[in-house]
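Fold and geometry: a report
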Amino acid sequence: MHTNSPLNVNKYIFKSSGKSCVDTVNIFINRIKKNKDLNIFIELYEDESLTRAKVIDKKIKEKNAGKLAGCVIAIKDNICYKNHLVTASSKILEGFNSLYSATVIKRLLKEDAIIIGRLNCDEFAMGSTNENSVYGPVKNPLNTKNVPGGSSGGSAAAVAAELCHLAIGSDTGGSVRQPAAFCGAIGFKPTYGMLSRHGLISYASSFDQIGPISSCINTIDLFMQIVSGKDSFDSTCVYGSTDYNHNKLSDNHYIEEKVNIVVIKNTLEHPSLDKKVKEEFLILLNKLESSGHKINFKTLPLLDYLVPAYYILTTAEASSNLARYDGVKYGYRSKGNSTLIDLIKSSRSKGFGPEVKRRILLGSFVLSEGYYDNYYSKAQKVRRLIKEETDNLLLSNSFILTPTSPVLPFAIGSEIDDPTALYLQDVFTVQSNLTGNPAISVPIKRHTPIGAQFIGKSGSDSNLISFAKYIYSLCN
Ligand code: GLN
């Protein structure tokens, strides 16, 4: 049985080939070029990544290379990398060059990671299909007629098409986990405050977290060891690197320890839950039980309030965060306007896509006089109650388990005209962004675009990753 055999914990996807960094980078570059029609990469740093690979090969020979030597990473187009373009897949940031690197990027480079390019995503990370991008939709490598999920659709697709070892995404309401599930990869959203958001283009600041996607859970673990921890540029980043790295459980811990896992009963009865997703999910529950873990079924009374609270609060924060794009300071500026007001109006009207405009309007509405108390304040209170319910569930259980998405990947173009239906699909992922808890999506079965989502206690990210190692070996 899988459960009794020790996990292969020393296996890292980027260490297994035995090839030089230059050879590895060349393989990825060729594959990226061959798969251009998937529309995953917005920009390939070809010369730069090869030059860096040469330097790192030399360091490896001299035995002074960093922990990520040989690891090829691609980044979502909303994470700043000094002297590289970053646009959040929006026309409004056309031609904008980063003036500094995100803290996460700096920490990765220090350990000799190679950054190979910039990845397509939904505009300002708003969406769950990657269709809201000025660069056009990304195709799902598992079935090119389908969406890859979003908003980090390019990141998940890059991993699925084997165009890098690890891709970085951002997760405000599921944007790392849902595309990872749709593309058969692993996606992790850390506890809010575990990773610095410095250099991540803000969507909804009290929800946003950077997160890794890979097919290798050990590489995700290493990524977290390297990038987690305090940063003077982000005062909400309150966990120290020791919080991830100290008291780490042994990788085989969960083969021995049997845990209590809570399944939210009303997720299984949810009307939007696809039959096939439910079927696979029930198989997983059986496997867990027959391996000695205890499944407890509990109701989350506020389940139906998760999506409304999420969309009220995130659009409110977005309307404020996106006020800075005025066509004056940077990015796209509309021409031929005679007054400043006309210039701002016209730049914003032409620079933002329809979904971003919808959210700015919604957010301005819920913050406006007369509606603030009815919407924004109420949603804040609901958020607090959801946090309490979540913490209560985790008092006597180690993890909460749900499907990552209630649906399977669907055809590109088939749902984009119904935003409310798309919002409702976020029902299982937004909980941990509302509460700040860490959450991970692991493929339920090899080559299946269905994810199992585990939510852990705040700050217990390394335990959650250890458990995900166990789940991965149980499922695959
Ligand atoms: N689908 C969600 C949304 O559209 C998630 C976005 C995200 O996590 N960035 O807001």
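Below is a summary of the structure that appears in this document. Given the structure is predicted, the values throughout are model-derived calculations rather than measurements. (Residues numbered from 1 in each chain as written. Predicted model: local features only at pLDDT ≥ 70, side-chain atom pairs only at ≥ 80, totals over all residues. Heavy atoms only, no water.)

What follows is about the side chain of His165. Topologically, His165 is positioned in the loop between helix 4 (153–160) and strand 4 (166–171). Relative accessible area serves as the criterion here: at 7%, His165 is assigned to the buried category. Ignoring any residue separated from it by four or fewer positions in sequence, one finds His165 in contact with Ile13, Phe14, Thr24, Phe28, Gly70, Cys71, Val72 and Ser214. (Helix = DSSP H or I, 4+ residues; strand = E, 2+ residues; numbered from the N terminus. Buried < 20%, exposed > 50% of the residue type's maximum accessible area, 1.4 Å probe, protein only. Contact = heavy atoms within 4.5 Å.)

The next subject is the sheet that holds strand 3 (residues 114–119). Across the sheet, which stays open at both edges, the eleven strands sit in the order 1-3-2-4-6-5-10-11-9-7-8 with mixed pairing between neighbours. The strands lining the two open edges of the sheet, one partner per strand, are strand 1 (41–44) and strand 8 (294–298). Neighbour-to-neighbour, the strand axes of the sheet open up by a mean angle of 25°, direction not taken into account. Direction of pairing for strand 7 (residues 260–264) relative to strand 8: parallel, over a ladder of five bridges. Within strand 8, the residue paired with Asn260 across the bridge is Lys294. Packed on one face of the sheet, helix 1 (residues 21–34) meets strand 1, strand 2 (72–76) and strand 3 and runs near 15° to strand 3. Set on the sheet, helix 10 (residues 275–290) makes contact with strand 7, strand 8, strand 9 (399–403) and strand 11 (451–455); between it and strand 9 the angle comes to about 150°. (Pairing = 2+ DSSP bridges. Axes fitted to C-alpha atoms, helices over the stretch in contact; angles between N-to-C directions.)

So, about the nonpolar core. Of all hydrophobic cores here, the largest spans 107 residues; its most connected members are Phe124, Ile168, Leu401 and Ile440. Sequence-distant contacts of Leu401, defined by excluding residues within four places in its chain, comprise Ile261, Val262, Val263, Ile264, Phe281, Leu284, Leu285, Leu288, Ala452, Gln453 and Phe454. Among the nonpolar cores identified, the runner-up in size contains 32 residues, and Leu50, Ala74, Ile114 and Ala161 belong to it. (Core = buried A, V, L, I, M, F, W, Y, C linked by side-chain atoms within 4.5 Å.)

The tally for this structure, following the rule as stated, stands at 18 salt bridges. Between Asp221 and Lys248 there is a salt bridge, with the nearest N and O atoms lying 2.9 Å from each other. A residue pair is termed long-range when its members are at least 10 positions apart, and Asp221 in helix 6 (residues 217–227) and Lys248 in the loop between helix 7 (241–245) and helix 8 (253–256) qualify at 27 residues. The class for Asp221 is buried, based on a relative accessible area of 3%. A salt bridge links Glu280 to Lys445; its shortest N-O distance comes to 3.2 Å. (Salt bridge = Lys/Arg side-chain N within 4 Å of Asp/Glu carboxyl O.)

Let us look at the site of the ligand. In the region of the ligand, 15 residues are neighbours, and Ala125, Gly173, Ser175, Tyr310 and Arg359 sit closest. A distance of 2.7 Å is found between a nitrogen atom of the ligand and a backbone nitrogen or oxygen belonging to Ala125. Residue Tyr311 places a side-chain N or O atom 3.3 Å away from an oxygen atom belonging to the ligand. If the ligand stood free it would expose 290 Å²; the protein chains cover 99% of that surface. (Near = heavy atom within 4 Å. Polar contact = N/O pair within 3.5 Å; in protein donor to acceptor, adjacent residues only side chain to side chain. Areas by Shrake-Rupley, 256 points an atom, 1.4 Å probe, with all protein chains shown as cover.)

On to the packing of helix 11 (residues 306–321) against helix 14 (residues 373–393), then. The geometry of helix 11 relative to helix 14 is characterised by a closest axis approach of 9 Å and an angle of 125° between their N-to-C directions. By the angle between their directions, the pair helix 11 and helix 14 is classed as oblique. The way helix 11 lies across helix 14 gives a crossing that is left-handed. Side by side, helix 11 and helix 14 meet where Leu306, Ala309, Ile312, Leu313, Ala316 and Glu317 of the first sit next to Tyr375, Tyr376, Ala379, Gln380, Val382, Arg383 and Ile386 of the second. Split into classes, the residues belonging to the contact of helix 11 with helix 14 amount to ten nonpolar, one polar and two charged. (Parallel < 35°, antiparallel > 145°, perpendicular 65-115°, else oblique. Left-handed = near helix turned anticlockwise from the far one by under 90°. Nonpolar A, V, L, I, M, F, W, Y, C, P; charged D, E, K, R; others polar.)

One polar contact links Asp221 to Tyr244, side chain to side chain, over a distance of 2.7 Å. Engagement of the side chain of Asp221 in a polar contact is seen with the side chain of Lys469, the distance being 2.8 Å. Every residue in contact with Asp221, bar those within four places of it in the chain, is listed here: Tyr244, Lys248, Asp251, Ile465 and Lys469.

Residues Phe365, Tyr371 and Tyr375 make up a contiguous nonpolar surface patch of about 270 Å² in total accessible area. For Tyr371, a relative accessible area of 37% translates into the label partly exposed. (Patch = residues over 30% accessible without salt bridge, like charges linked within 9 Å, V, L, I, M, F, W, Y side chains within 5 Å.)

Glancing now at helix 10. Over its 16 residues, helix 10 extends 23 Å from the first C-alpha to the last, a length consistent with the 22 Å expected when each residue adds 1.5 Å. Burial in helix 10 covers these residues: Val277, Glu280, Phe281, Leu284, Leu285 and Leu288. What you see down the axis of helix 10 is that its buried residues fit within an arc of 150°, all on one side. Facing away from the buried side of helix 10, by more than 90 degrees, are the exposed residues Lys275, Asn286 and Ser290. Backbone geometry just downstream of helix 10 places Gly292 in the positive-phi region, at approximately 100°. (Expected span 1.5 Å × (residues − 1). Arc of directions from axis to C-beta.)

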